[in-house]
Amino acid sequence: MTDTVNLAIDYDMPLLREACTTIGLTTEICQWEDEEVDWSRFDAVLLRSPWNYVDRLSEFLAWCERVDASTLLLNPLAVARWALDKSYLADLAALGVPIVPSRFAGPSEDPASVVRDFLAEHPEATEIVVKPVVGAYSREVQRFTRSMETKAAGHMSRLCEEGGQVLLQPYFGSVDSNGETDLVYFDRRYSHAIRKSAMLMPDGTVNVPTLEFRKARVADESERVVASAALDAAASHLGLDRPLLYGRVDLIRDDNGKPVVLELDICEPSLNLPFGEGSALRFAEVLAERVGGSSSRGVR
Ligand SMILES: Nc1ncnc2c1ncn2[C@@H]1O[C@H](COP(=O)(O)OP(=O)(O)O)[C@@H](O)[C@H]1O
Ligand SMILES: [Mg+2]
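**Here's the deal with the pattern of salt bridges**
Overall, the coordinates contain 19 salt bridges when judged by the stated rule. Linking Asp-10 and Arg-48 is a salt bridge whose minimum nitrogen-to-oxygen distance equals 3.0 Å. Taken as a pair, Asp-10 in the segment before helix H1 (13-22) and Arg-48 in the loop between strand S2 (44-46) and helix H2 (57-70) lie far apart in primary sequence, 38 residues in all. The pair formed by Asp-10 and Arg-48 is uniform in burial state, with each residue classed as buried. In this structure, Arg-81 and Glu-65 form a salt bridge, with 3.2 Å as the shortest nitrogen-oxygen distance. Of the two residues, Arg-81 is situated in helix H3 (residues 77-83) and Glu-65 in helix H2; the sequence distance between them amounts to 16 residues. Judged by its relative accessible area of 49%, Arg-81 falls in the partly exposed class. The exposure class of Glu-65 is partly exposed, given its relative accessible area of 37%. When salt bridges that share partners are traced, they join Glu-180, Asp-182, Lys-196, Arg-248, Asp-250 and Asp-265 into one network.

**Topic: helix H6 (residues 149-160)**
For H6, spanning twelve residues, the distance from its first C-alpha to its last is 17 Å, which sits close to the expected 16 Å at 1.5 Å a residue. Listed in full, the buried residues belonging to H6 are Ala-152, Ala-153, His-155, Met-156, Leu-159 and Cys-160. Along the axis of H6, the buried positions cluster into a sector of 160 degrees, meaning they face one direction only. Every exposed residue of H6 that faces more than 90 degrees away from the buried side is listed here: Thr-150 and Lys-151. Tucked inside the fold, the buried residues of H6 contact strand S4 (103-105), helix H5 (111-121), strand S5 (127-132), strand S6 (142-145) and strand S7 (166-170). A positive phi of about 60 degrees marks Glu-162, the residue just after H6.

**Side note on unusual backbone geometry**
For the bond from Leu-74 to Asn-75, the omega torsion is -20 degrees, close enough to zero to count as cis. Tracing the sequence through the fold places Asn-75 in the loop between strand S3 (72-74) and H3. Residues other than glycine seldom take positive phi values, yet Ser-138 does so here, at roughly 65 degrees. For Ser-138, the location among the structural elements is in the loop between S5 and S6. Looking at Ser-138, the relative accessible area reads 17%, which means it is buried. A positive phi angle is found at Asn-272, which is not glycine, with a value near 55 degrees. Residue position: Asn-272 is located in the loop between strand S12 (259-265) and helix H9 (279-291).

**Some details on the site of ligand 1**
Among the 22 residues in the neighbourhood of ligand 1, the closest are listed as Lys-86, Lys-131, Ser-138, Glu-180 and Glu-263. In the environment of ligand 1, an oxygen atom lies 2.6 Å from a nitrogen or oxygen atom belonging to the side chain of Lys-131. At 3.5 Å, a backbone N or O of Gly-135 approaches an oxygen atom of ligand 1. The fraction of the free accessible surface of ligand 1 (530 Å²) that becomes covered by protein chains is 97%. Counting only elements with at least two residues in the shell around ligand 1, the list comes to S5, S7 and S12. Of the residues contributing to the shell around ligand 1, the split by class is 14 nonpolar, three polar and five charged. If you count residues domain by domain, the shell around ligand 1 takes at least three from each of domain 2 (103-170) and domain 3 (174-272).

**Focus on the nonpolar core**
Ranked by internal contacts, the top residues of the largest apolar core, which has 69 residues, are Trp-63, Val-261 and Leu-264. Beyond its immediate stretch of four places on either side in the chain, Leu-264 contacts Trp-82, Ala-83, Tyr-88, Leu-92, Ala-230, Leu-231, Ala-234, Arg-248 and Val-249.

**Considering the pairing of strand S9 (residues 189-196)**
S9 sits mainly inside the fold: six of its eight residues count as buried. Pairing geometry for strand S8 (residues 180-186) and S9, over seven bridges, is antiparallel. Counted as the bridge partner of Leu-183 is Ala-193 from S9. With antiparallel pairing between neighbouring strands as the criterion, S8 and S9 make up a hairpin whose turn holds two residues, including Asp-187 at a positive phi of roughly 50 degrees.

Cut-offs applied
- For every chain, the first residue of the written sequence is number 1, and numbering continues from 1 along that sequence.
- A letter from A marks each chain and a number from 1 marks each ligand, given out in the order of writing.
- Local features are withheld for residues below a pLDDT of 70 in this predicted model, meaning they are given only at 70 or higher, and side-chain atom pairs are given and counted only at 80 or more; totals for whole chains, interfaces and linings count all residues.
- As a convention, hydrogens and water are excluded, and side-chain values are obtained from all of the structure's heavy atoms.
- Each salt bridge in this description consists of a side-chain nitrogen of Lys or Arg and a carboxyl oxygen of Asp or Glu lying within 4 Å of one another.
- A run of DSSP states H or I qualifies as a helix once it reaches four residues; a run of E qualifies as a strand once it reaches two. Both are numbered from the N-terminal end.
- The buried label goes to any residue with under 20% of its type's maximum accessible area, the exposed label to any with over 50%, and the partly exposed label to all in between, with areas taken from a 1.4 Å probe on protein chains only.
- A helix is expected to span 1.5 Å for every residue after the first.
- The directions considered for the arc are those from the helix axis to the C-beta atoms.
- Here, residues are in contact when the closest pair of their heavy atoms is within 4.5 Å.
- We call a residue near a molecule or strand when any one of its heavy atoms sits within 4 Å of it.
- Counting of polar contacts relies on pairs of N or O atoms within 3.5 Å, with two restrictions inside protein: one atom must be capable of donating a hydrogen and the other of accepting it, and residues adjacent in sequence are counted only when both atoms are side-chain atoms.
- Only the protein chains shown count as covering a residue, and every accessible area follows the Shrake-Rupley method with a 1.4 Å probe.
- Classification convention: Asp, Glu, Lys, Arg as charged; Ala, Val, Leu, Ile, Met, Phe, Trp, Tyr, Cys, Pro as nonpolar; all other residues, Gly among them, as polar.
- Each domain's extent is set by a domain assignment, obtained either automatically or from a database.
- Nine residue types can take part in a nonpolar core, namely buried Ala, Val, Leu, Ile, Met, Phe, Trp, Tyr and Cys, and a core is a set of them joined through side-chain atoms within 4.5 Å.
- Between any two strands, pairing holds if DSSP finds at least two bridges.

Below you can see the structure in the form of structure tokens.
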């Protein structure tokens, strides 16, 4: 399932469909906004690239509810409700998962004092990041040096207009030299990982993570431990009765070199299948197993 604009940058879709065909699973691409689709006709609906939800979150979640009421939604509804808002980072932290220190703030707070207090609490941070809690593809994510305090507050206040929520984080400079590591799991099993280069340039340019910024990378043991802990914490927090079918955990190194969670993408992640040999087939196989023994298996 995709949307009307993002299929072209869903780099996983062709590989996944081909793998499904190989193992005898029928697929069809549908748009979530298409009101003509009768979702109950399908054995399962797989969330793939509905990335225009960013501007229409409540509408999208209402759609997820309708689908969930009529067929198997993957990942399940509880995941969509929780994982599309980066406030989940606070829940992960409460469950003992190391995350990038994050201060959440909303329109009821004064942006200038939020930024000032955050800088005071993080004297070690030479730069900070301000981003919306609901976002994707680096949208509205910005990096500010300490001397740009007023600009950071201005960005926060813009994001909070119309009731939005934001988060502030220290900017971890390791990403400039080492990138971030994005690990992909299927049914609790590590599949592959990529290195994603830094998206936020010192001059304020914000890159979007097209394929040229990604490279295959083998995640080390310390990264796998944190990524598995994040996925297990999510599944237990949500009370899921089965492990997450798929998930991506993005890690960066903190100032002590320890991997910490930057993002947990378990609803509609880009899975970097072009960078993981055999990964499309691995995904198709767990998907077929999850859709289960129905006589005419099909995934839309
Ligand atoms: N705290 C941070 N330290 C360093 N880089 C960051 C930080 N937060 C975000 N970035 C950079 O901005 C990009 C987008 O931010 P991210 O939190 O992943 O949001 P999105 O949901 O838009 O992908 C990241 O891939 C990373 O390059
Ligand atoms: Mg990201």
